2 protein chains.
Amino acid sequence: MTNPGHANKANVTVADFIQIRRGEHLPARIAGQIGKEISEGRIAPGEKLPTEHLLSKTFGVSRSVVREAIAQLRNEGLVETRQGVGAFATDVERRHSIRIEQDNLTDRASFRSLFQLRLPLEIEAAGLAALHHTVEDLTKLDETLGRMSGADKWTDQGIVADLAFHRQVAAATQNEYYLMFLGFVAERIHLAIHAARETAVLEQIVEITIAEHVAIRDAIASGDPVKARNAMRSHLIGAAQRIDLELEIF
Amino acid sequence: MTNPGHANKANVTVADFIQIRRGEHLPARIAGQIGKEISEGRIAPGEKLPTEHLLSKTFGVSRSVVREAIAQLRNEGLVETRQGVGAFATDVERRHSIRIEQDNLTDRASFRSLFQLRLPLEIEAAGLAALHHTVEDLTKLDETLGRMSGADKWTDQGIVADLAFHRQVAAATQNEYYLMFLGFVAERIHLAIHAARETAVLEQIVEITIAEHVAIRDAIASGDPVKARNAMRSHLIGAAQRIDLELEIF
DNA sequence: TCATATAAGGTTATCAGACAACCCTACAAG
DNA sequence: CTTGTAGGGTTGTCTGATAACCTTATATGA
């Protein structure tokens, strides 16, 4: 919308790029500026970025720095580069890595969406864990439960242990992707709650839900996937209610 | 005389379809190797990585490439660098982005794990889509179904349409994270099948499953989440069976 | 005229070497 | 014993060059 047609030849004004001040991690700052241009739509998807040479002159840095900045953007999926052609802003659909800006989660609707995503993953993970857990998995679960109900229950340790418990359930599935995705999602959720200064709420959750965690552990140990799923479902629904989150269950 | 860049093997004229990956972005490959070392624990968290100079000699590439690889790992949160000191591996918990190396999916067990992760997400998404879909969502679904059963059924278009269908179901949940995660996972799976040169199988899947897709669409349109979930579950289980994938269902 | 081959110029990818900024350690000076 | 400093090592940045690749225009031959 903002005159995207000038990337072809003799671009008059690349953008409102300002000269970089030295001091700390040049590539990251330049990547930030370019990324902002893309995120805010001033560089449309599919549009070609200025050449590295031109960018280096524009920012007043060497081409190495520009290259590293573009590499970072490419890694985040915001741009694609084609040798001999140039760098292009990508469609949102094609991004090949998942990244969640923590700021987004301050929005309650967004937070709820992430929790709603977590729900089926945790439930399925509990079921798979019931089928595939090893003796070591159970040992680790018990150890973590001990930390949760231990003397340091009211410190951050309890919260860390809660996170660790769910991570270990995911690990017990023996499925690397459950560990990867659930670890990622659960961590975002915990961080969001933490950032919202609702740690008191979290501690309360930890206290109330020790019994629920034990139930999950026992269900997994029993090897009954249905029982494990139900235990995890009850736990998560309860946890959501305790932070006034209304989920859709069916 | 020891130029490692051109120290390749003699050109083999046989049709050996092993990837030569000459244009496969050197830094990404090196980042993958180093990242693997970290993920699999051969480089412990907190441990110092070899110096850039040593790495460049080890891999036989220039320092620029190694730097770009390390920058990528830093961006993914796997390493932290301190000027004048070195690069250090970080804890797994710290990672703030998810990335799946496509190579891993050539391994059938790994591919199955990803499919097993996709299962509950797709099912839940179908249920949520039944509740939250808009008129526009249904229109897009119908349009995509038309492309699947159209004349270009046997081209890549049919496969693209299949992917688009599932993406639109995810979009119909009105939950950005379902779109983000499912789009990501489903795309990996399709790429893996494609890379395995099983496109013929995929096309067969598309043909057989048009009816199943229509059933999913109708169930979503009916607004009954349970029905939508069942339709999606049947479809995915069938799709898995058609590529000889045995999933755990409960 | 039309299709193909070739040349030219631009862009990214990689290389090589150098210097700057910064950190750590050890050792000398007080 | 404390302090200062010199030295070496590492990452950060710069500069210039070459290779690989793409696009476009021109030439060539039927």
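Provided above is the structure to which this section pertains.
Only a predicted model underlies this, so the values are computations on that prediction, with no experimental measurement involved.

Help me understand unusual backbone geometry in this model?
For residues besides glycine, phi is generally negative; the peptide bonds are generally trans as well. Residue and element names in this part refer to chain B. For Q174, which is not glycine, the phi dihedral falls at a positive 60 degrees. Looking at where Q174 falls in the secondary structure, it is placed in the loop between α6 (156-172) and α7 (176-195). In this model, D244 sits at a positive phi of 60 degrees, which is unusual for a non-glycine residue. Within the secondary structure, D244 sits in the segment after α10 (225-242). The exposure class of D244 is exposed, given its relative accessible area of 67%.

I would appreciate a short explanation of the protein's contact with DNA strand C in the present structure.
Taken together, 23 residues surround DNA strand C, and among them R63(A), R67(A), G84(A), S62(B) and V65(B) come closest. Sugar and phosphate atoms form 67% of the subset of DNA strand C atoms that lie within 4 Å of the protein. Q83(A) is positioned with one of its side-chain polar atoms (N or O) 3.3 Å from a sugar or linking oxygen of DNA strand C. For the surface near DNA strand C, the secondary-structure elements that each account for two or more residues are α3 (63-76) and β1 (79-82) of chain A together with α1 (26-39) and α3 (63-76) of chain B. Among the residues forming the surface near DNA strand C, the class breakdown is six nonpolar, 10 polar and seven charged.

How should the interface of chain B and chain A be read in this particular structure?
Contact with chain B, which involves 45 residues of that partner, is made by 46 residues of chain A. Approximately 4,300 Å² of surface area, both sides summed, lies buried where chain B meets chain A, with 59% of it carried by carbon and sulfur atoms. In terms of surface lost to chain A, no three residues of chain B exceed I98(B), Y177(B) and F250(B), which account for 18% of the buried area on that side. There are four salt bridges connecting chain B and chain A. E68(B) is the partner of R74(A) in a salt bridge, and the nearest nitrogen-oxygen pair spans 2.8 Å. At the boundary of chain B and chain A, one finds 13 residue pairs in polar contact (both at pLDDT 80 or more). Residue assignment for the side of chain B that touches chain A shows that the elements contributing at least two residues are α3, β3 (97-98), α4 (108-132), α7 and α10 of chain B. Looking at the side of chain B that touches chain A element by element, the count peaks at 13 residues for α4(B).

Sorry, what's going on with the pairing of strand β1 (residues 79-82) of chain B here?
Looking along a regular strand, one sees side chains alternate from face to face of the sheet. Taken together, the four bridges between β1(B) and strand β2 (residues 86-89) of chain B define a ladder with antiparallel strand orientation. Bridged to R82(B) within β2(B) is G86(B).

Before we go on, may I ask you to explain the nonpolar core in this structure?
Considering soluble globular proteins, one finds that nonpolar side chains tend to be buried as a cluster. Ranked by internal contacts, the top residues of the largest apolar core, which has 88 residues, are F181(A) and F181(B). Those residues in contact with F181(B) that sit more than four places away from it in its chain are I98(A), I100(A), L117(A), F181(A), F184(A), V185(A) and I98(B). In this structure, L26(A), V66(A), I70(A) and A87(A) belong to the second largest nonpolar core, which totals 19 residues.

Could you clarify how one ought to interpret the protein's contact with DNA strand D in this entry?
Near DNA strand D there are 24 residues, and of these S62(A), V65(A), R63(B), R67(B) and G84(B) occur at the shortest range. Backbone atoms, meaning sugar plus phosphate, form 65% of the atoms of DNA strand D positioned within 4 Å of the protein. Contact between DNA strand D and R67(B): a phosphate oxygen at 2.7 Å from a side-chain N or O atom of the residue. Those elements giving two or more residues to the surface near DNA strand D turn out to be α1 (26-39) and α3 of chain A together with α3, β1 and β2 of chain B.

Cut-offs applied
- Residues numbered from 1 in each chain as written.
- Chains lettered and ligands numbered in written order.
- Predicted model: local features only at pLDDT ≥ 70, side-chain atom pairs only at ≥ 80, totals over all residues.
- Heavy atoms only, no water.
- Helix = DSSP H or I, 4+ residues; strand = E, 2+ residues; numbered from the N terminus.
- Buried < 20%, exposed > 50% of the residue type's maximum accessible area, 1.4 Å probe, protein only.
- Near = heavy atom within 4 Å.
- Polar contact = N/O pair within 3.5 Å; in protein donor to acceptor, adjacent residues only side chain to side chain.
- Nonpolar A, V, L, I, M, F, W, Y, C, P; charged D, E, K, R; others polar.
- Contact = heavy atoms within 4.5 Å.
- Buried area = accessible area lost by both parts, 1.4 Å probe.
- Salt bridge = Lys/Arg side-chain N within 4 Å of Asp/Glu carboxyl O.
- Pairing = 2+ DSSP bridges.
- Core = buried A, V, L, I, M, F, W, Y, C linked by side-chain atoms within 4.5 Å.

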